[in-house]
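Here is how the chains run, residue by residue.
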Amino acid sequence: MILRRISQQATKPKDIRKILSWTIHSYGDLNELQLIETRIPIITNPDDVLVQVKAASLNPIDLFMLGGYGRTSFQMLRNNEIEFPLILGRDFSGTIIGKGHEVTELNVGDEVYGFLPPYKQGSFTKAVIASKHCVLPKPKNLSHTESGAVAYATMTAWSGLFIFANMINRPNKGLKVLVLGGSGGVGTAAIQLLKSQGCVVYTTCSKDAIPLVTSLNPDVIFDKEDSDFEKNVQLEAKYNIILDAAKVGIDNIPNSWKYESYVTLNSPLLVNNDNYGLVGGLIKSAGNLTAANASRICSGKTVRWGYILPSNSGFKFIHELICQGKIRPIIQEQFGFNDLPLAMETLQKGHARGKIVLAER
């Protein structure tokens, strides 16, 4: 009997390792954020890597998701995995501490950076699982803090411009592109991405952000606070592309502005799905997009909805530009890991001047 008890104790599984994570257990406001111990993620996909997070940045979508934005669409993409507890955060930089057997390009101990699609568990945690397709070696010219602030916003800008505005299939040199909201995370990334391709870049920002935006070398900056703002934008050029990175909305774009394609990164698709269900939401969205184009197509204008696409080739493309110093992260403020609620409160205030980052002190 004694021997049997000893045998049972010897085969008892070891305690599962725990890590600290910022989680939410329901949708709501900043009060839903909880710093708790969670189980360290387990690799189940052979293409995944487990990364010890050294830095992660905040994106507007984190605030939106906290309030329930996209819950219907994202839960469908999770293949019915448990929704809560949910970890927010889309960017990360850190060190690989585990990998699937089909990951051959990266090794345990490698310093890496990357991004996470919105339907995946996020990076406001001490260890995160990511697909190898969304992870690359950390640029040697950037710190972890800088690397953790660059991938998601730049991939969003790349997706909007190269895929939805079709820059990937046409010569880019000399294209006239207007970036609405040049001082935010996506805006600062878009300006640099466009300049690297020889585009003529126009952008908008508030007066106090002009010095920051000027440092990115756009060709023309429009001061939103100028009384002649709308007229100045109208008279400057006919734009091949307008990229809306500021939630201006197509209904607020003056009819006098001349452009070929308007791409918004804040379409109503996910909100429609939340409000009307997947089928009803798709029908509603099709009507929204058709109506937006119907009133403008005779003027040679098109309206397009852009989203981040987790493209490995796109990430490699911007990675090369980052390593060459042609794209650099613009950091507004850095917070410690335990200060996420304060960082989210700062993001909530708006007036973005680059990215807000959580990083090890």
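What counts, and where the lines are drawn
The numbering scheme is per chain: residues are counted from 1 as the chain's sequence reads. Only residues with pLDDT of at least 70 are given local features in this predicted model, and only at 80 or more are side-chain atom pairs given and counted; all residues enter the totals for whole chains, interfaces and linings. Excluding hydrogens and water, the side-chain figures rest on all heavy atoms present in the structure. Helix numbering and strand numbering both begin at the N terminus, where a helix is a DSSP run of H or I of at least 4 residues and a strand a DSSP run of E of at least 2. Buried, partly exposed and exposed residues are distinguished by accessible area as a fraction of the type maximum, computed with a 1.4 Å probe on protein chains only: under 20%, between the cut-offs, and over 50%, respectively. In what follows, a contact means two residues having at least one pair of non-hydrogen atoms within 4.5 Å. Using the Shrake-Rupley algorithm and a 1.4 Å probe, accessible areas are obtained, with residue cover drawn only from the displayed protein chains. Charged residues are defined here as Lys and Arg on the positive side and Asp and Glu on the negative side; His and the ends of the chain fall outside this count. A charge is said to be at NZ when it belongs to Lys, at CZ for Arg, at CG for Asp and at CD for Glu. Interaxial angles span 0 to 180 degrees and are taken between N-to-C directions of axes, which are lines fitted to C-alpha atoms, for helices over the stretch in contact. Should an angle fall under 35 degrees it is called roughly parallel, over 145 degrees roughly antiparallel, and 65 to 115 degrees roughly perpendicular, with every other angle called oblique. In a left-handed crossing the near helix is turned counterclockwise from the far helix by less than a right angle, and in a right-handed crossing that turn is clockwise. Residues belong to a common nonpolar core when they are buried Ala, Val, Leu, Ile, Met, Phe, Trp, Tyr or Cys residues joined through side-chain atoms within 4.5 Å. pLDDT is a per-residue confidence score from the predictor, ranging from 0 to 100. Pairing between two strands is assigned when DSSP locates at least 2 bridges connecting them.

Participant: How would you explain the overall build of the protein if you had to name every residue and give the values?
Facilitator: A tally of helices and strands in the protein yields 11 helices and 15 strands. With the C-alpha coordinates of the protein rotated into their principal frame, the extents come out at 90 × 45 × 35 Å. Evaluated residue by residue, the protein yields a buried proportion of 50% over its 361 residues. Intrachain contacts of the protein at a sequence separation of at least 6 include 69% that bridge at least 24 residues. By element, 52% of the accessible surface of the protein is carried by carbon and sulfur atoms, the whole surface being about 17,100 Å². When the 38 basic and 32 acidic side-chain charges of the protein are each reduced to a single mean position, those positions are 4 Å apart.

Participant: Explain the packing of helix H5 (residues 151–164) against helix H6 (residues 185–196) residue by residue, including any values.
Facilitator: At a closest axis distance of 8 Å, the pairing of H5 and H6 adopts a crossing angle of 60°. When the axes of H5 and H6 are compared, the pair comes out oblique. For the pair H5 and H6, the sense of crossing is right-handed. Across from Ala-153, Thr-154, Thr-156, Ala-157, Trp-158, Leu-161 and Phe-162 in H5, the residues of H6 making contact are Gly-185, Val-186, Ala-189, Ala-190, Leu-193 and Leu-194.

Participant: Explain the nonpolar core to me, using residue names and the numbers behind them.
Facilitator: Counting 78 residues, the largest nonpolar core has Leu-58, Phe-124, Leu-161, Leu-193 and Met-344 as the members making the most contacts within it. Residues contacting Met-344, with those up to four places away along its chain left out, are Leu-30, Leu-33, Leu-58, Asp-62, Leu-63, Leu-66 and Leu-88. Membership of the second largest hydrophobic core comes to 19 residues, among which are Ala-237, Ile-242, Ile-253 and Tyr-262.

Participant: Please set out the side chain of Thr-188 residue by residue, giving values where relevant.
Facilitator: Mapping Thr-188 onto the fold places it in helix H6. Residue Thr-188 is classed as buried on the basis of its relative accessible area of 3%. Setting aside anything within four residues of it in sequence, one finds Thr-188 in contact with Gly-182, Ser-183, Leu-216 and Ile-330.

Participant: Quick rundown of the side chain of Lys-138? Include the residues and the values.
Facilitator: Relative to the elements of secondary structure, Lys-138 occurs in the loop between strand E7 (135–137) and helix H4 (144–147). When neighbours within four sequence positions are excluded, Lys-138 is seen to be in contact with Ser-93, Glu-111, Val-112, Tyr-113, Ser-143, His-144 and Ser-147.

Participant: Would you mind going over the confidence of the model for the protein in detail, with residue names and values included?
Facilitator: Per-residue confidence for the protein averages 94 on the pLDDT scale, and 95% of its residues sit at or above 70. Confidence drops under pLDDT 50 across residues 1–15; counting only partners more than four residues distant or on other chains, this segment forms zero contacts.

Participant: Could you give an account of the pairing of strand E4 (residues 91–99), with specific residues and numbers?
Facilitator: The side chains of a regular strand alternate, first on one face of the sheet and then on the other. Within E4, seven of the nine residues are buried, which leaves the element mostly enclosed by the surrounding structure. One ladder, built from six bridges, connects strand E3 (residues 48–58) with E4; its direction is antiparallel. The partner of Gln-52 across the bridge, within E4, is Thr-95. Summarising the sheet, E4 and strand E5 (residues 111–115) pair through five bridges and their orientation is antiparallel. Looking at the pairing, Ser-93 lines up with Tyr-113 of E5.

Participant: Kindly report on the sheet that holds strand E11 (residues 239–244), identifying the contributing residues and their values.
Facilitator: Strand order in the open sheet made by the six strands is E10-E9-E8-E11-E12-E13, with parallel pairing throughout. At either margin of the open sheet sits one strand with a lone partner, and together these are strand E10 (220–223) and strand E13 (302–305). With strand direction ignored, the average angle separating the axes of adjacent strands in the sheet is 20°. With five bridges connecting them, E11 and strand E12 (residues 259–264) associate as parallel partners. By the bridge assignment for E12, Leu-243 is matched with Val-263. Where H5 meets the sheet, it contacts strand E8 (176–180), E11, E12 and E13, and its direction lies at approximately 145° from that of E11. This element, helix H8 (residues 229–236), spans E8, strand E9 (200–205), E10 and E11 of the sheet and lies at about 155° to E10.

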